[in-house]
Amino acid sequence: MIEVLPLRTPTLPPATHTNAYRVGGVVIDPGSPWADEQARLAEALRSGPTVTHIVVTHHHHDHTGGVVDLARRTGAKVCAHEDARVPFPIDVRLREGDLVPTGGPPLRCLHTPGHADGHLALQVGDTGDVIVGDLLAGIGTIVLAPPEGHLRTFLRSLERLATVANRAFPAHGPTLEDAPAAIAAVVAHRHARSQQVEAALSAGATTPREVAAVVYAGVAGVDMKLAAAQALAHLQWLSEEGRAREEDGRWRRVVARAPDAGLSQAGEFLAALLREHAPGAAPNLRVIPGGRED
Ligand SMILES: [Zn+2]
């Protein structure tokens, strides 16, 4: 059984909370740095199995803010991926495929970087239930801020998740009952954004900030620093695709020699996913094309 307790955290709007999950003796992402929320979590955990392990999906502060407090209260082992740069000692360094004991079906670690280095998704036993951290969001969108945020890596992690997940339990917002559809929607959104970024380059924007000003024009309440970081993530993806190039901080569009040169197997997989779950999005899809010379 997966239990959720949303805790108030200093996260990014529109989200105001980070979901702490409990599966048996494991608590995932106790993220609140605030004493009243930490006490509320401890109170909620008082009934039910003894907490033996605390797992963080990644090192961002809205996922880790309550770890030290909960570890002190429970004596539980603190677990994170070996690449996660958490600001406290880790008792168990996790890797791809590791199993975290819960007292019931264990949690299987899926290394899923792209949003954060050392990001983990946790599959509950052999089920299609996956605690996905910041791979998917039930509210708002996932921020990709380079250099840690990397769109191609993120899309690969989503692709991986799509082979496993039926239901996704995100760190922010409600459960996503149809995980493949949610993944397809995110992939479609990212590709639409990439096309908007490419169009902004064509229209004369040259810096991430200029691109963001075009792409996010008319969107209320945009944090331009985050928007520029997002634009940069898409520019880097276009660059890796041979569709944009950067020189001295200025970006320009490159017209690809072979615009539809074969989708990779991975790209075809996502294209099929999109055809099924987000019809209309697939025709322009170019996910991870085979490497080609620029
Ligand atoms: Zn995060």
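What comes next is a walk through the structure. Everything numeric in this text was worked out from a predicted model, so none of it was measured. (Residues numbered from 1 in each chain as written. Predicted model: local features only at pLDDT ≥ 70, side-chain atom pairs only at ≥ 80, totals over all residues.)

1. Digging into the sheet that holds strand E6 (residues 92-94)
Item 1. Strand order in this open sheet of six strands is E1-E2-E3-E4-E5-E6, and the pairing throughout is mixed. Looking at strand neighbours, the two that pair on one side only are strand E1 (2-8) and E6, the edges of this open sheet. If you compare each strand with its neighbour and ignore which way they point, the axes differ by 25° on average.
Item 2. As paired strands, strand E5 (residues 77-81) and E6 are joined by three bridges and run parallel to one another. Residue pairing across strands places Cys 79 opposite Val 92, the latter belonging to E6.
Item 3. With respect to the sheet, helix H1 (residues 35-46) is in contact with E1, strand E2 (17-23) and strand E3 (26-28), its orientation differing from that of E1 by roughly 160°.
Item 4. Seen against the sheet, helix H3 (residues 67-74) touches E3, strand E4 (53-55) and E5 and runs at an angle of roughly 175° to E4. (Pairing = 2+ DSSP bridges. Helix = DSSP H or I, 4+ residues; strand = E, 2+ residues; numbered from the N terminus. Axes fitted to C-alpha atoms, helices over the stretch in contact; angles between N-to-C directions. Contact = placed C-beta atoms within 7 Å.)

2. What about H1?
Quick reminder: α-helices carry 3.6 residues per turn. Residues three or four places apart thus point the same way.
Item 1. Given a rise of 1.5 Å per residue, 12 residues ought to cover 16 Å, and the 16 Å separating the end C-alpha atoms of H1 matches this to within 8%.
Item 2. Where the residues of H1 are buried, they touch E1, E2, E3 and H3.
Item 3. Taken from the residues just after H1, Gly 48 is the one with a positive phi, measuring 100°. (Expected span 1.5 Å × (residues − 1).)

3. Considerations on the environment of Leu 176
Item 1. Its place among the elements puts Leu 176 in the loop between strand E11 (167-170) and helix H5 (179-202).
Item 2. We classify Leu 176 as buried; it has 22 C-beta atoms within 10 Å.
Item 3. C-alpha of Leu 176 to C-alpha of Leu 136: the two residues are 40 residues apart in sequence and 8.7 Å apart in space.
Item 4. Dropping the residues within four chain positions of it, Leu 176 is found in contact with Leu 136, Gly 138, Arg 167, Ala 168, Pro 170 and Ala 182. (Buried ≥ 20, exposed ≤ 12 C-beta atoms within 10 Å, placed from the backbone.)

4. Describing unusual backbone geometry
Item 1. A cis amide bond links Pro 13 with the next residue in sequence, Pro 14, at an omega value of 5°.
Item 2. With respect to the helices and strands, Pro 14 occurs in the loop between E1 and E2.
Item 3. Across the junction of Pro 146 and Pro 147, the peptide omega takes the value 5°, indicating a cis bond.
Item 4. In this fold, Pro 147 is placed in the loop between strand E10 (129-133) and helix H4 (151-162).
Item 5. Within the chain, Asp 248 stands out as a residue other than glycine whose phi angle is a positive 50°.

5. Structural notes on the packing of helix H6 (residues 208-215) against helix H7 (residues 224-240)
Item 1. The contact between H6 and H7 brings their axes to 8 Å, and the two run at 105°. Between H6 and H7, the interaxial angle falls into the category roughly perpendicular. For the pair formed by H6 and H7, the contact residues are Pro 208, Arg 209, Val 211, Ala 212 and Val 215 on the first element and Met 224, Ala 227, Ala 228, Gln 230, Ala 231, Leu 232 and Leu 235 on the second.
Item 2. Here the contact of H6 with H7 is built from residues that sort into 10 nonpolar, one polar and one charged. (Parallel < 35°, antiparallel > 145°, perpendicular 65-115°, else oblique. Nonpolar A, V, L, I, M, F, W, Y, C, P; charged D, E, K, R; others polar.)

6. Overview of the pairing of E5
Taken residue by residue, a regular strand's side chains alternate between the two faces of the sheet.
Item 1. Bridging between E4 and E5 involves three bridges; their strand directions are parallel. In the sheet register, His 53 faces E5, and the bridge partner there is Lys 77.

7. A few points about the nonpolar core
Item 1. Formed by 69 residues in total, the largest nonpolar core has its most connected members in Val 55, Ala 121, Leu 122, Val 130, Val 132, Ala 168 and Val 211.
Item 2. Mapping this core onto the domain boundaries places at least three of its residues in each of domain 1 (2-177) and domain 2 (184-293).
Item 3. If we ignore the near neighbours within four places in the chain, the residues touching Leu 122 are Ile 28, Val 55, Leu 107, Arg 108, Cys 109, Val 130 and Ile 131. (Core = buried A, V, L, I, M, F, W, Y, C linked by C-beta atoms within 7 Å. Domains from an automatic or database assignment.)

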